[in-house]
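Here's the letter readout for the chains.
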Amino acid sequence: MMRDPGTPAADTATAPRDDLRMAVWMAVVITVVSILIAIVAWRSTEADSVASDLDSAAIQQLARQQEERGHLEGIVAQDLWLFPRYQEHALAAARLTAEADRLRTSDPPLAARLDVEAQGHAVLARSLLPFFQGGTPAIDPDGRSDYDREYVLRNLEAGSLALQDLRPDEALVAARQAHAKAAALVGLVIFFAACLLVVSIGQVSRSDLRGWLAAAGTLGAVAGSVLLVLVESGFLGGSST
Amino acid sequence: MTDLPDIDLPDPDRLRGRLSRAIAILIGITTLATAYVAFLQHEAAAANTDASLRAQRLGIQAAENRFVSEQRAQVDLHAYATAVEQRQHAANLRQQARALGGAEARGLLVEADTWTRMAERTDEITTVRVDAPDGPDRDPAFPRRFIAASSREAIRLAALQDAVNDESSGWGERSSACTAILAIFAVALYLFGFSLTVERVRVRALYATVGVALFIAGSGWAALGAVDPPRLAPDEAADAYADGRLALDTAWDATGYQEAYDRLSRAIELRPGFARAYVERSDSAFRLGSPQRSGFFSISSPEWLERSTADLVRAHELGSREIKVLADLGFQRFLQGIQARRPELLEQSIAATRQALALTPGDPVVRYNLAVALLAAGRAGEARAAYADAVRATAFLDVDAGVAREDPYGEEAYLAGALTDLGLLESFRPELAEEIAEVRASIVTGVAAGANPPAPASPGASGPSTLVVSGLAADVFPSTVQWRARLDGFDPDRDQLAVQWLVRDPAGLGWAVLPEVSSLSVAPIPNSEAPGAFFHLDSYTTAITPPTCLPMGTYRVELYSGGRLVGQAETASAFGEFDALSVRDVGVVLCRPRGWEPAPGRELGLVAGSRSPDGQEGAYVFHVQQPRLDEDPGGTSLRTIESTMAAHAGLLPGRATWVESSGTDDRYFLGLDGGRWRWYRYDGGLVRIGAGVASHGGVTVALVFGPDAWFDGEEWQRIVESIGPYE
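This report concerns the structure included in the present document. Along each chain, residue indices are assigned from 1 in the same order as the chain's sequence is written. Labels follow written order: the first chain is A, the first ligand is 1, and so on. Thresholds applied to this predicted model are a pLDDT of at least 70 for local features of residues and 80 or more for the giving and counting of side-chain atom pairs; totals over whole chains, interfaces and linings are not thresholded and use all residues. No hydrogens and no water enter the side-chain calculation; it runs on all heavy atoms of the structure.

This part takes up the overall build of chain B. Check the secondary structure of chain B and you find 17 helices and 22 strands. For the radius of gyration, the atoms used are the C-alpha atoms, and the globule rule reads 2.2 Å times the number of residues raised to 0.38. Rg of the C-alpha trace for chain B: 36 Å, well past the compact-globule value of 27 Å for 727 residues, more than 25% over. If you line up chain B on its principal axes, its C-alpha atoms span 145 × 70 × 50 Å. Buried residues are those whose accessible area, probed at 1.4 Å on protein chains only, stays under 20% of the maximum for their type, while exposed residues exceed 50% and partly exposed ones sit between those limits. Within chain B, the fraction of its 727 residues that count as buried is 52%. In this description, contact between two residues means that some pair of their heavy atoms is separated by no more than 4.5 Å. Looking at chain B alone, contacts between residues at least 24 apart form 61% of all its contacts between residues at least 6 apart. In chain B, the 68 positive side-chain charges and the 95 negative ones have mean positions that sit 5 Å from each other. Every helix listed is a DSSP run of H or I at least four residues long, and every strand listed is a run of E at least two residues long, numbered separately from the N terminus. Positive charges come from Lys and Arg, negative ones from Asp and Glu, while His and the chain ends are left out of the count. To locate a charge, the coordinates of NZ of Lys, CZ of Arg, CG of Asp or CD of Glu are taken.

This is how it looks when you write it as structure tokens:
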């Protein structure tokens, strides 16, 4: 039969190869996205676990902080409980000595007794000093003593390494950031699942939209990967843990 | 048309059928595996929740226990303090009866007995026992050990909580892993299922292969997790840790630190991942190798430094990011860096110290550590700026708010640590000596100025300092240090004198500043016998808790004024190992040879003593309450010496009589009025006794006794020189 020389013959060999390439490409995308889903799911559960640990740590730190503050306040309270007794003896020693001096010429026997009593009170005051735990009271020559509660407490808190290491507010902030990261990762799982669905539909579809679906799924996978890197490095959705 | 080559392919229908069957089997296996992992995940989640709740419960128990135990200990302590007061009342009344005599003496003695019985009744309501290891007779730092012991259970519960936290984290990780494995299996199942819908064999095989790979990966992960489940550390680890912590908190000598080290080692042996135990053991190791006994520790032997650093590194690896870990690691890297001349260790030091500083910007210790590391690393400009920040942090509790620290002893302690570190740097890097000297003078001046830097000189001021120090000499006794010097041009209104005492241990590990006898502002005492000469005496034994005598070593005193070092002198101690005997109720402290025991005849408020194990040598101190008499204090002292020797003759090995031929010395005695000294003799031995009168009239007496030959040596003189007032 004679062929119309103006009409080229149809190239039936190239159409099935393009179709095969598209199918393989979509299969690869499906495989990669599936693996990414598994990875992101693992990372999100890990982030959730870290967030949970940080939640517990924050609560425990708060409790220990209150406990430590209570302990230091207790030390000061015990000192203040003891202080009036110390003050009593210190003042008595000074006052009795002064009185003895006043009576020394007019009533020597009474002055002698007051002398000895004053010395006794001085020893009593001294005997109580070891029981002060926060700070030792200062005493002036007139026997007046002072216990600066705020100063002692401030110094105890400044010297407490345990208190300095307890930062529950920071732990709570870190926990919140970890939760945010976990939520972002869960969102990514859903996003990748959507990409997977799109590419899967494209894989089984025979319509002209097949190519578009493949392209959409591929772009989505790339965008999701970029978002994953940003979330893991802390630029998005919480700290990098 | 071209002919395609003949390829002998299997029947597509047969291929699809075989593959499909295989995939179907894989789907079944994967589903079963998923169910098992779901069970494991549930088990892990339940265990995690249980552990988390146990940890919270332990935390609450620890807090409650600490509160209750400490309250009980404080109540016991106050009851004991009341008993001490009551006994002292009784002792005072007996002294009054002795001093006043007469008819009322009997009444006073009856009242004294009443107070004594009250004290005995009060003893019944307290758990403090005088001769217990944490009691006043055996704990020089009483009531530190007694109070610390009350927190042991709380420490143990906190350690248990830490272990349970670890267990909870382990279960949490396992639960997360199971969830991830479930996700992997879900993806594998999806791929298996999807592969059944695909026509092309190659594509189907690809999906199936990836699915199998994911299944194998998930199964392997699950198997690993099942083999080694999270385990709770034995409770004994918490017990050992609590004991080690207590030992460390109450230690003051090598014995105590060794006990702490051993117990913490046991805790680590039982629980190798116990970060906290590594931190505490690191501390005890450093202190074990250190000749220092107070202040901020900077010096340690190379062996113990290495062990300490290894523990800190391990704690850091286990996730500990506490201030102490970062700061100590930073400082120890500095020590290693200068000892081994390794710049990379100095850089590590700077990095770790900066991390610590970020957590505690107001801590002077960390700031000084950073400054000295920068100086060692050759970054002089940064070092100077860091030292300026450190000086500000020393003077101010809150630099930004301008809240002054107002704690001269604390500020001196920070300065002492900084100067000790500079001394260490100088010993390993002598080429930096000039720079270090400038920095030293600068920070001493800065800290001495404190929160109130000196105002510019006003027109009426006496002009710049003309102080010239010459003839500076250092004297060291077992309990006190003294410097003597000519201070020409010294104006107490213009010249602020700062004094730093340093000691180098016999092993030569380094010069350590003694903050207890160093001061940022000293008022030297004029020597009445030599115009222009001054001296200053500082008691070490009464300034340190627990009271301790000065260690053996070489001592150096440095005087600073006007921003510069104006004098320094060295001397070596020659007095041997002494321990402190501190008797607060008598108001005296002295240093006695190591190994001496409490002497008989103790009477509260009146007499206390110590003697050699064979009883041949000893020392006693007395405080006699008596009226202030209108007579020469020297006469009062002598009368009291005579009455004391008569009343307490039984305390000596033999009856002693005054050696008249040796006369009476009117020497210094505790800075009291009427200081007098005499020699007494008994069969085979001598007594050296001194007394002085306090401003309120009471008389303090001290004596040493021993065989004649003992007085040929210097030990008795060291004891006498060490006697000091104890307020």
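Residue and element names in this part refer to chain B. Only Phe, Tyr and Trp rings are paired, with Trp represented by its six-membered ring, and only when their centres lie within 6.5 Å; those with planes under 30 degrees apart are stacked, over 60 edge-to-face, the remainder tilted. Scanning the entire structure with this criterion turns up 26 aromatic pairs over all chains. Aromatic side chains Phe711 and Trp716 sit 5.2 Å apart centroid to centroid with 50° between the ring planes, which places their arrangement in the tilted category. With respect to burial, Phe711 and Trp716 carry one shared label: buried. Members of the aromatic cluster, joined through ring pairs, are Trp596, Trp679, Trp710, Phe711 and Trp716. Just above the ring of Phe274 sits the side chain of Arg271; from NZ or CZ to the centre is 4.1 Å. A positively charged side chain is recorded as over a ring if its NZ (Lys) or CZ (Arg) lies within 6 Å of the ring centre. The angle to the ring normal must also be within 35 degrees. Taking the ring centre of Trp304 as reference, the NZ or CZ of Arg307 above it sits at 4.3 Å.

On to the state of the cysteines, then. All names here are of chain B. The disulfide criterion is simple: two cysteine sulfur atoms within 2.5 Å. Under the criterion given, the structure shown has 1 disulfide over all chains. For Cys549, the disulfide goes to Cys591, at an S-S distance of 2.0 Å. Between Cys549 and Cys591, the S-S dihedral sits near -115°, and the bridge is therefore left-handed. With a gap of 42 residues between them, Cys549 in the loop between β9 (533-539) and β10 (554-561) and Cys591 in strand β13 (residues 588-593) connect regions that are remote in the sequence. Since its relative accessible area comes to 0%, Cys591 is described here as buried.

All right, on to the interface of chain A and chain B then. When the parts come together, some accessible area is lost, and that loss is often what is quoted as the size of the interface. Facing 64 residues of chain A, the contacting portion of chain B comprises 76 residues. Here the buried area means the combined drop in accessible surface, using a 1.4 Å probe, for two parts upon being joined, counting both sides. Each partner contributes to the roughly 5,700 Å² buried at the junction of chain A and chain B, and carbon and sulfur atoms together form 57% of this total. A carboxyl oxygen of Asp or Glu within 4 Å of a side-chain nitrogen of Lys or Arg is what we treat as a salt bridge. For the pair chain A and chain B, the number of links is 4 salt bridges. Here Arg66(B) makes a salt bridge to Glu68(A), at a shortest N to O gap of 3.1 Å. Pairs of N or O atoms within 3.5 Å make up the polar contacts considered here, provided that, within protein, one atom can donate a hydrogen while the other can accept it, and that residues adjacent in sequence are counted only when both atoms are side-chain atoms. Put simply, chain A and chain B have 21 residue pairs in polar contact (both at pLDDT 80 or more) between them. Residue assignment for the side of chain A that touches chain B shows that the elements contributing at least two residues are α1 (14-103), α2 (108-128), α3 (149-159), α4 (161-165) and α5 (168-204) of chain A. Looking at the side of chain A that touches chain B element by element, the count peaks at 33 residues for α1(A).

Residues and elements named next belong to chain B. Tracing the backbone through its elements, the reader meets Pro633 in helix α16 (residues 633-647). For Pro633, a relative accessible area of 29% puts it in the partly exposed group. Note: C-alpha distance between Pro633 and Thr480 (153 residues apart in sequence) is 25 Å. Other than its neighbours up to four places away in sequence, Pro633 contacts Asp673, Gly674 and Val693.

No statement about biological role is implied by the geometric values presented.
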